[in-house]
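Report on the structure
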Amino acid sequence: MLQGKQAILFDLDGSLVDSMWVWKSIDIEYLGRFGLTIPEDLQKCIEGMSFSETAVYFKERFSLPCTLDEIKADWNQMAWDNYRTKVMLKPGAEELLKYSKEHGIKLGIATSNSREIVEMTMRERGVIDYFSCIMTGCDAKKGKPAPDVYLMAAEQLDVEPSNCLVFEDIVLGIQAGKNAGMTTCAVEDAYSAYQWEEKRALADYFIHDYYDIPEIKAML
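In what follows, the accompanying structure is described. Please read all numbers here as calculations on a predicted model, not as lab measurements.

With that settled, consider the overall build of the chain. Within the chain, the secondary structure is distributed over ten helices and six strands. Since a compact globule built from 220 residues should have a radius of gyration of about 17 Å, the 17 Å found for the chain is in line with a globular shape. Projected onto its principal axes, the C-alpha positions of the chain cover 50 × 35 × 30 Å. Of the roughly 10200 Å² of accessible surface on the chain, 49% is carried by carbon and sulfur atoms. One way to put it: in the chain the 23 positive side-chain charges average out to a point 0 Å from where the 36 negative ones average out.

Listed below in structure tokens is the structure:
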């Protein structure tokens, strides 16, 4: 899986860190402030959207009386403590980061989350210095499954897309990596368990956690 790769790009939520549970609780609390409950189709509708695209969607669908900047600031504040103290790296992820650094593989993050949360989370987990690039959906013109955020990350790392390996936990993210011309690996996550068979069929590789990667197993 890692042979010949010059860069590894991680989606954040559900792929590099175990965090998808945070956002469901935020949605419940945030909409509750306006006397609203979460529609059953909400997660499916916003899947793959950037942080900014999601704010636009919420404002329009729920007729929220807030500006987009206010919505995003509220979400960042609500997520901050959870990401700082409770959101952890997926099993084996730190070992993969160390392996990559030792073998000259460049590392980047390409996520739909906000830059503030990404940088804080990586800093709190003590791994931010491993990454040469952090790109968010807000930096790109279109969110996943469009390839924009992955192509921008590859360009910033000065690596051809064909030499990049992408780790993603949802179908739209895997499609974004493939649309960018990159090798993709599906990561198991409870939040997207219903997509597991589709993810396995779509991606080039699949793992339950990063200890499944042979090079990481060999380090143990």
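Before going further, it helps to spend a moment on the environment of Lys-141. The residue Lys-141 is located in the loop between strand S3 (133-136) and helix H7 (148-157) in this model. The spacing of Lys-141 and Asp-209 is 68 residues in sequence and 31 Å in space, taken between C-alpha atoms.

Time to look at helix H8 (residues 171-179). Among the residues of H8, those classed as buried are Val-171, Gly-173, Ile-174, Ala-176 and Gly-177. Buried residues in H8 make contact with H7, strand S4 (164-168), strand S5 (183-187) and helix H9 (196-202). The first or second residue beyond H8 is Gly-181, which carries a positive phi of 80°.

Attention shifts here to the packing of helix H4 (residues 68-85) against helix H6 (residues 115-124). Axis angle and axis distance: for two packed helices, these are the angle between their axes and the distance between the axes, and together they describe the pair. Between H4 and H6, the least distance of the axes is 10 Å, while the angle of their chain directions is 15°. On the basis of the axis angle, H4 is roughly parallel to H6. The element H4 and its partner H6 pack so that their crossing is right-handed. Of H6, the residues touching H4 (which contributes Asn-76, Ala-79, Trp-80, Tyr-83 and Arg-84) are Glu-116, Ile-117, Met-120, Thr-121 and Glu-124. Within the contact of H4 with H6, the residues separate by chemical class into five nonpolar, two polar and three charged.

With that settled, consider the nonpolar core. Of all hydrophobic cores here, the largest spans 51 residues; its most connected members are Phe-10, Leu-16, Trp-75, Met-122, Phe-131 and Phe-167. Those residues in contact with Phe-10, other than ones at most four positions away along the chain, are Leu-16, Leu-96, Leu-97, Leu-107, Gly-108, Ile-109, Ala-110, Phe-131, Tyr-150, Phe-167 and Tyr-210. Core analysis: the second largest hydrophobic core is formed by 17 residues, Ala-7, Tyr-150, Val-159 and Met-182 among them.

Taken as a whole and assessed by the stated rule, the structure comprises twelve aromatic pairs. When the centroid spacing of 6.1 Å and the interplanar angle of 75° are considered together, the rings of Trp-23 and Phe-51 count as edge-to-face. Here the residue Trp-23 occupies a position in helix H1 (residues 20-32), and Phe-51 occupies one in helix H3 (residues 51-61), the gap between them amounting to 28 residues. Of the two residues examined, Trp-23 and Phe-51, each falls in the buried class. On the basis of an interplanar angle of 65° and a centroid distance of 5.1 Å, the ring pair of Phe-167 and Tyr-210 is categorised as edge-to-face. Of this pair, Phe-167 sits in strand S4 while Tyr-210 is found in the loop between strand S6 (205-207) and helix H10 (214-217), placing the two residues 43 residues apart along the sequence. Accessibility assignment for this pair places Phe-167 and Tyr-210 in one class, buried. An aromatic cluster is present here, built from Trp-23, Tyr-30, Phe-34, Phe-51, Phe-58, Phe-62, Trp-75 and Tyr-83 joined pairwise through their rings.

Take the pairing of strand S2 (residues 106-111) next. Most of S2 is tucked away, with five of its six residues classed as buried. Two elements, strand S1 (residues 7-10) and S2, share four bridges in a ladder whose sense is parallel. Within the sheet, the bridge partner assigned to Leu-9 lies in S2 and is Gly-108. Both S2 and S3 contribute to a ladder of four bridges, which runs parallel. Note on S3: the bridge partner recorded for Gly-108 is Cys-133. In terms of handedness, the path from S2 via H6 over to S3 forms a crossover that is right-handed.

With that out of the way, let us pick up the environment of Arg-33. Among the structural elements, Arg-33 can be located in the loop between H1 and helix H2 (42-46). Separated by 151 residues in the primary sequence, Arg-33 and Thr-184 have C-alpha atoms spaced 39 Å apart. With near-sequence residues (within four places) excluded, Arg-33 lies in contact with Asp-74 and Met-78.

Conventions used here
Residues numbered from 1 in each chain as written. Predicted model: local features only at pLDDT ≥ 70, side-chain atom pairs only at ≥ 80, totals over all residues. Heavy atoms only, no water. Helix = DSSP H or I, 4+ residues; strand = E, 2+ residues; numbered from the N terminus. Rg over C-alpha atoms; globule rule 2.2 N^0.38 Å. Areas by Shrake-Rupley, 256 points an atom, 1.4 Å probe, with all protein chains shown as cover. Lys, Arg positive; Asp, Glu negative; His and termini not counted. Charge placed at Lys NZ, Arg CZ, Asp CG, Glu CD. Buried < 20%, exposed > 50% of the residue type's maximum accessible area, 1.4 Å probe, protein only. Contact = heavy atoms within 4.5 Å. Axes fitted to C-alpha atoms, helices over the stretch in contact; angles between N-to-C directions. Parallel < 35°, antiparallel > 145°, perpendicular 65-115°, else oblique. Left-handed = near helix turned anticlockwise from the far one by under 90°. Nonpolar A, V, L, I, M, F, W, Y, C, P; charged D, E, K, R; others polar. Core = buried A, V, L, I, M, F, W, Y, C linked by side-chain atoms within 4.5 Å. Phe/Tyr/Trp six-rings, centres within 6.5 Å; stacked < 30°, edge-to-face > 60°. Pairing = 2+ DSSP bridges. Right-handed = clockwise from strand over helix to strand, strands pointing away.

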